[in-house]
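The primary structure of each chain is shown beneath.
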Amino acid sequence: MTRKIDIFDTTLRDGEQSPGASMNTDEKLVLTKELLRLNVDVIEAGFPVSSPGDFESVRRIAELVDDRATVCALTRAVRGDIEVAAEALAGCARPRIHTGLGVSESHMRAKLRMTPEVVIERAVEATRIARNLCDDVEFYCEDAGRSDYGFLARVCEAVIAAGATVLNIPDTTGYSMPDEFGRRIRYLMEHVDGIEDVIVSVHCHNDLGMATALTLEGVRNGARQVECTINGLGERAGNTAMEEVVMAMRMHGEELDAHTDIVTTEFVRASRMVSSITGINVQPNKAIVGANAFAHSSGIHQDGIIKSRDTYEIIDPAEVGAGASQIILTARSGHAALRKRLEALRITVDEERFDALYQAFLDVADKKKEVYDEDLEALVNEQDRNATAIYSIVAVQISCGSPLKATATITLVDREGVEYTDVAYGTGPIDAVYKAVNKIVQVENDLTEFVVQAVTRGIDALGEVTIRITAPDGEVFTGRGADNDIVVSSAKAYVNALNRLLSKTAAVA
Ligand code: KIV
Ligand code: ZN
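Keep in mind the model is a prediction, meaning the values are calculated, not measured.

Reading the values: rules and limits
- Residues numbered from 1 in each chain as written.
- Chains lettered and ligands numbered in written order.
- Predicted model: local features only at pLDDT ≥ 70, side-chain atom pairs only at ≥ 80, totals over all residues.
- Heavy atoms only, no water.
- Helix = DSSP H or I, 4+ residues; strand = E, 2+ residues; numbered from the N terminus.
- Rg over C-alpha atoms; globule rule 2.2 N^0.38 Å.
- Buried < 20%, exposed > 50% of the residue type's maximum accessible area, 1.4 Å probe, protein only.
- Contact = heavy atoms within 4.5 Å.
- Areas by Shrake-Rupley, 256 points an atom, 1.4 Å probe, with all protein chains shown as cover.
- Lys, Arg positive; Asp, Glu negative; His and termini not counted.
- Charge placed at Lys NZ, Arg CZ, Asp CG, Glu CD.
- Patch = residues over 30% accessible without salt bridge, like charges linked within 9 Å, V, L, I, M, F, W, Y side chains within 5 Å.
- Salt bridge = Lys/Arg side-chain N within 4 Å of Asp/Glu carboxyl O.
- Core = buried A, V, L, I, M, F, W, Y, C linked by side-chain atoms within 4.5 Å.
- Near = heavy atom within 4 Å.
- Polar contact = N/O pair within 3.5 Å; in protein donor to acceptor, adjacent residues only side chain to side chain.
- Nonpolar A, V, L, I, M, F, W, Y, C, P; charged D, E, K, R; others polar.
- Donors = N, O, S within 2.8 Å, 3.2 Å for Na, K, Ca; no water.
- Expected span 1.5 Å × (residues − 1).
- Arc of directions from axis to C-beta.

So, on to the overall build of the protein. A count of helical and extended segments in the protein gives 17 helices and 16 strands. Relative to the 2.2 N^0.38 estimate, which gives 23 Å for 509 residues, the radius of gyration of the protein is 25 Å and therefore close to what a compact globule would have. Evaluated residue by residue, the protein yields a buried proportion of 55% over its 509 residues. In the protein, of all internal contacts separated by at least 6 residues, the share reaching a separation of at least 24 is 66%. Accessible area for the protein stands at about 22500 Å²; split by element, carbon and sulfur atoms hold 51% of it. Across the protein, the mean location of the 53 positive side-chain charges is 2 Å away from that of the 79 negative side-chain charges.

Written as structure tokens, this is what we have:
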């Protein structure tokens, strides 16, 4: 039997650090349920001291998860952070405090302004404080990938003696080469007293596109936990993608002496959920979960696949949840057919929402011949967005063309049921819509990105718009909207982004 490798998911913490990926508590809870379906071992729920919103998210995630996974909260090596993290984790059956500080020359000198000896003292002190509050303490040696081998080993030995149960060796800047990172882990395994009594974890970033390779070399050389995110979301170029590292361990388990308990058939669903919540799309050629990951376009490849799937496919798409749908829904499909399809997609919609969803489905089905799984997911996501909206769209009316001046009339309704209507001209229909919305909502922002893509194939496909706006303080908010009409999708995406900006401002105030 190969070694069981723990999967530590940090989509809700490091993943959320991606610009524009911020999630509210409800969205984090939805994602937590998906992480539980994936059967991850550890969920890093957030950084409680960073904001009241983060504290609340960690607290609610801890309660929801109970004993189904370990719930971890991040801290700096500071007493206040650690105490707040322990408080946020109080309702959790399996809490873990994740504390640490920088150990590379650059971090110690330029960021911390501490001597190596002081860094060791702080590391030991933080570990002791955390151990007094929690039985499970993970210590991260930030920027370990660029640190001195001997010094890193000393820090590790000191925190193990102080009570750390998990030792996290991150390549924070994604700088290392895979073989060198592997040697670093091997060195620690061979030189650190007590290392056999703790779990060694690796946490790699993708700055050189090698996060998965670095993580696998860490595993090959002794790591028993890997830290990763869905879709590889994370700071800068992102973190190790869970779907990649898990499938690589599945393909090469004997060679790596490694297996995981992840339910891989959830990958595509988890990926779509993260994209939908954060508004950060996955590139089509992304390994495992990209739209083209199992698409074969050249004639030679198609011929091979028809003769035998394994000629060009190393993974059965069904293994990662990319199976094709058998039921095709049309405008003639009734409640039962829709319910059955939602069930097959494992989408739960309560009775109150079902009628509205069925109506939205009929509206789409009237315009399109066939409604695909992706269309249904887009409709459900649209409903989720509306459920927490501060403003919702009641009507969008456009007049445009050449030589007409584009004019938009918009009606929005707020949570109290008050309706607002305004009209604006623009250089085109979308510009006119945004100007009309601005007249009603009146929140300063810059539109920094606008992407339209078809949810499925065909001229009648639902068009999904993803936008990013930047608030005056520089914070980025993402918005999404889907509709048959891309001008309406654009209006929905803009109102969605404004709702996120307004909720954040309200939470901070
Ligand atoms: O990349 C990193 O070093 C981190 C630590 C805070 C674990 O995210
Ligand atoms: Zn990180």
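Okay, back to it.
Taken together, the side chains of Leu 447, Phe 450, Val 452 and Ile 486 present a nonpolar region at the surface, about 300 Å² in accessible area. Among the elements that line the nonpolar patch, the one with the most residues is strand β14 (residues 446–454), at three residues. Structurally, the position occupied by Leu 447 is in strand β14. By relative accessible area, Leu 447 is classed as partly exposed at 41%.

For the bond running from Ser 402 to Pro 403, omega is 10 degrees, close enough to zero to count as cis. You will see that Asn 231, though not glycine, has its phi angle at about 65 degrees, which is positive. Looking at the secondary structure, you find Asn 231 in the loop between β9 (225–228) and α9 (242–251).

Turning our eyes to something else, we now look at the nonpolar core. Counting residues in hydrophobic clusters, the biggest one holds 97 residues, and the most contacted among them are Ile 169, Met 242, Met 249 and Phe 267. Sorting elements by how many residues they give to this core places helix α6 (residues 149–161) first, with eight residues. Those residues in contact with Ile 169 that sit more than four places away from it in its chain are Cys 141, Ala 144, Leu 152, Cys 156, Phe 181, Ile 185, Leu 188, Val 200, Ser 201, Val 202 and His 203. With 28 residues, the next largest nonpolar core counts Val 465, Ile 469, Val 487 and Ala 497 among its residues.

Taken together, Arg 13, Asp 14, Leu 74, His 98, Tyr 140, Glu 142, Asn 168, Pro 170, Thr 172, His 203 and His 205 form the complete shell of residues around ligand 1. Asp 14 places a polar side-chain atom, nitrogen or oxygen, 3.0 Å from an oxygen atom of ligand 1. A distance of 3.1 Å separates an oxygen atom of ligand 1 from a polar side-chain atom of His 203. Here ligand 1 has 260 Å² of accessible area as a free molecule, and 93% of this is covered by the chains. Elements that contribute at least two residues to the shell around ligand 1 include exactly β6 (137–142) and β7 (166–171). Counted by class, the shell around ligand 1 contains three nonpolar, five polar and three charged residues.

Right, let's get into the coordination of the zinc ion (ligand 2). The protein atoms that coordinate the zinc ion (ligand 2) are Asp 14 (OD), His 203 (NE2) and His 205 (NE2), at distances spanning 2.0 to 2.1 Å. The sequence pattern describing where the donors of the zinc ion (ligand 2) fall on their chain is D-x188-H-x1-H. Of this pair, Asp 14 sits in the loop between β2 (6–9) and α1 (25–38) while His 203 sits in strand β8 (residues 199–204), and the two are 189 residues apart along the sequence. Neither Asp 14 nor His 203 differs from the other in exposure class; each is buried.

Turning next to helix α2 (residues 52–65). For α2, which comprises 14 residues, the first-to-last C-alpha distance of 20 Å matches the rise-based estimate of 20 Å (1.5 Å per residue) to within 8%. For α2, the full list of buried residues reads Asp 54, Phe 55, Ser 57, Val 58, Ile 61, Ala 62 and Val 65. Looking down the long axis of α2, one finds its buried residues gathered within 165 degrees of arc, a one-sided arrangement. Against the buried residues of α2 lie α1, β3 (42–46), β4 (70–74) and α3 (79–88). One or two steps after α2, the chain reaches Asp 66, where phi turns positive at roughly 50 degrees.

Glancing now at the pattern of salt bridges. Taken as a whole and assessed by the stated rule, the structure comprises 43 salt bridges. We note a salt bridge from Glu 44 to Arg 13, for which the minimum N-O separation is 2.9 Å. One end of the pair, Glu 44, is in strand β3; the other, Arg 13, is in the loop between β2 and α1, with 31 residues separating them in the sequence. Neither residue differs from the other here; Glu 44 and Arg 13 are each classed as buried. Between Glu 138 and Arg 96 there is a salt bridge; the shortest N-O distance is 2.8 Å. Within this pair, whereas Glu 138 is found in strand β6, its partner Arg 96 is found in strand β5 (residues 95–102), the two being separated by 42 residues in sequence. Of the two residues, Glu 138 and Arg 96, both sit in the buried class. The network of salt bridges with common partners includes Lys 4, Asp 6, Asp 41 and Asp 261.

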